[in-house]
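Coordinate analysis (summary)
Here is what each chain is made of, one letter per residue.
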Amino acid sequence: MENWSVDQVCNWLRQRNLGELVPKFREEEVSGAALLALNDRMVQQLVKKIGHQAVLMDLINKYQQQKSGVEFLTTSCCETASPKFPEVISGKNLKSFFARYKTLQWTSSYALPNFPYDVKCILAEKKCPDHSMRIRIIEFLQADMTKYLEGSLYPNSQQYNVVVSALLQAYPFLDEDGNGFLLWKRALKDRFKYVRRPIEDDEQVLRNKCKFGHRRGQTRKSSFAENKHDDAQVQVEEEPVHLEGSAMDVHIKWLKQEYMKTQRNWKEVDNRMSVTTEIRRKMISNKAPLKDILRLFPFLRCPYQLFREFQLLTHMDIYKKTVEILEIYSENILSLYVVRNNPINIMLQENLKRHTEEDILKYMKMTAACLLLPDVFGDDSSLFAAVNEEVKAVTPVLEVKNPFNVNSCEFALYVEREELAQLTDCTMALAALLAAFHVFDIPCPKRIHRTLNFLESLVFEVRSPASLPTQVRSGQEAPEYPSI
């Protein structure tokens, strides 16, 4: 499992009836190694439903117990003559035996992480990194150690020593005048302290905070005097970039770095995205390439931030409005004659026979109504959604796979033939499609104009919204389309 790719993890989820989690796991790029490093707090951020959280954690724990228990005991039985381990494992020393053996296995197998391209370039040139680059290296080492520690944020001294030794052995020029070991170890320990400080919902962190004198619920402000030295040290270690360049560059750099993390500070992301709105809107209005915009503001790939950007521009909750539209109009759309013999509708009717649950039937009907909209208005459906086929349109379009399979359906938003975001269902997909046109200021193609005009008139609650075509009773009659 450790060597699984993201696709293999997604297939594993589907096999265990957790197909709903696939889009989020793809968005967060959860590989096999990352899956095994998840702790309770990470799972809560990834998975909304408590039932799914429990099932996922149980599967991960069972795999880890099987690996750590069976493999460790098998190995120890083969090495009873070794002085490293006690010959008799009783109840008292069983726990310490596992802890010691796990530590030894961790330290003997540790390998440096695969650093990002810019870090690799600096290291390859054997240049002494500047302060911001040192922080990048430390961030990746901390994230990698957390993976090896299975989500724990409390390495022991030996593990710090192993990691720093591996770094200096691979890149000897980082050992500045013989003092590099202590400097890098101190920086790495400070990084773990910085990550632990705001955490209030991790059992291990809270237990250690209480052990070392922190009060439950104590805020950073109230503890400032007690931790002045540590806070100052972390401030120097984490945010020296505020001293160089413009404030806007600092925000953009922070957003780019935060996007690379598994655990993201979403409150701070919101703040910095709000602060940088003006420069982002200026780039978009000046027709800057989409790749450049996404490179500077990668969080626009996240549906939540795409919807938030739309709300900043229009003061409308696009996701909420889209849910209302599909719930109100889905039955009317499916009753129209013009879609009766459509392949999407035929596929829907076949799948409806296999299910009886009310929520699944409702979900399928809303999905079909969403995908049938262009056909209802006589528009080009290939400019709206590519169902089980390759995306060809340059403008925003949805890629939909297995739309009526609850466990394996996939929705994605494409712009300029490149995937922008993975989406969980048809409602989120439709909302993201509408938002993309507005957020990136992309002109609506004429061949899809009627469909988008109908949706936007409902989203923006215009006085005389466009309506569905009058139902056609005979195949010879033409539907009446709303005036544009």
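Everything below is about the structure shown above.
All values reported here derive from a predicted model rather than from experimental measurement.

This next bit is on the overall build of the protein chain. A tally of helices and strands in the protein chain yields 22 helices and 4 strands. Counting over 484 residues, the protein chain shows a buried share of 46%. When contacts within the protein chain are restricted to residue pairs at least 6 apart in sequence, long-range pairs at least 24 apart make up 60% of them. A total accessible area of about 25900 Å² is found for the protein chain, and carbon and sulfur atoms account for 51% of it.

In this model, helix 20 (residues 358–376) (19 residues) spans 25 Å end to end at C-alpha, consistent with the 27 Å of a helix rising 1.5 Å per residue. Along helix 20, the sharpest change in direction is near 30° and occurs at cysteine 370; proline proline 374 comes one to four residues later. The complete set of buried residues in helix 20 reads Ile360, Met364, Met366, Thr367, Ala368, Ala369, Cys370, Leu371, Leu372, Leu373, Pro374 and Val376. The first or second residue beyond helix 20 is glycine 378, which carries a positive phi of 70°.

Both strand 3 (residues 410–415) and strand 4 (residues 418–423) contribute to a ladder of 5 bridges, which runs antiparallel. The partner of alanine 412 across the bridge, within strand 4, is glutamine 422. Taking the residues that link successive antiparallel strands as the turn, the strand 3-strand 4 hairpin has 2 residues, and the phi of glutamate 416 there is positive, at about 55°.

How each quantity is defined
Residues numbered from 1 in each chain as written. Predicted model: local features only at pLDDT ≥ 70, side-chain atom pairs only at ≥ 80, totals over all residues. Heavy atoms only, no water. Helix = DSSP H or I, 4+ residues; strand = E, 2+ residues; numbered from the N terminus. Buried < 20%, exposed > 50% of the residue type's maximum accessible area, 1.4 Å probe, protein only. Contact = heavy atoms within 4.5 Å. Areas by Shrake-Rupley, 256 points an atom, 1.4 Å probe, with all protein chains shown as cover. Expected span 1.5 Å × (residues − 1). Bend = angle between axes of the 7 residues up to and from the residue. Pairing = 2+ DSSP bridges.

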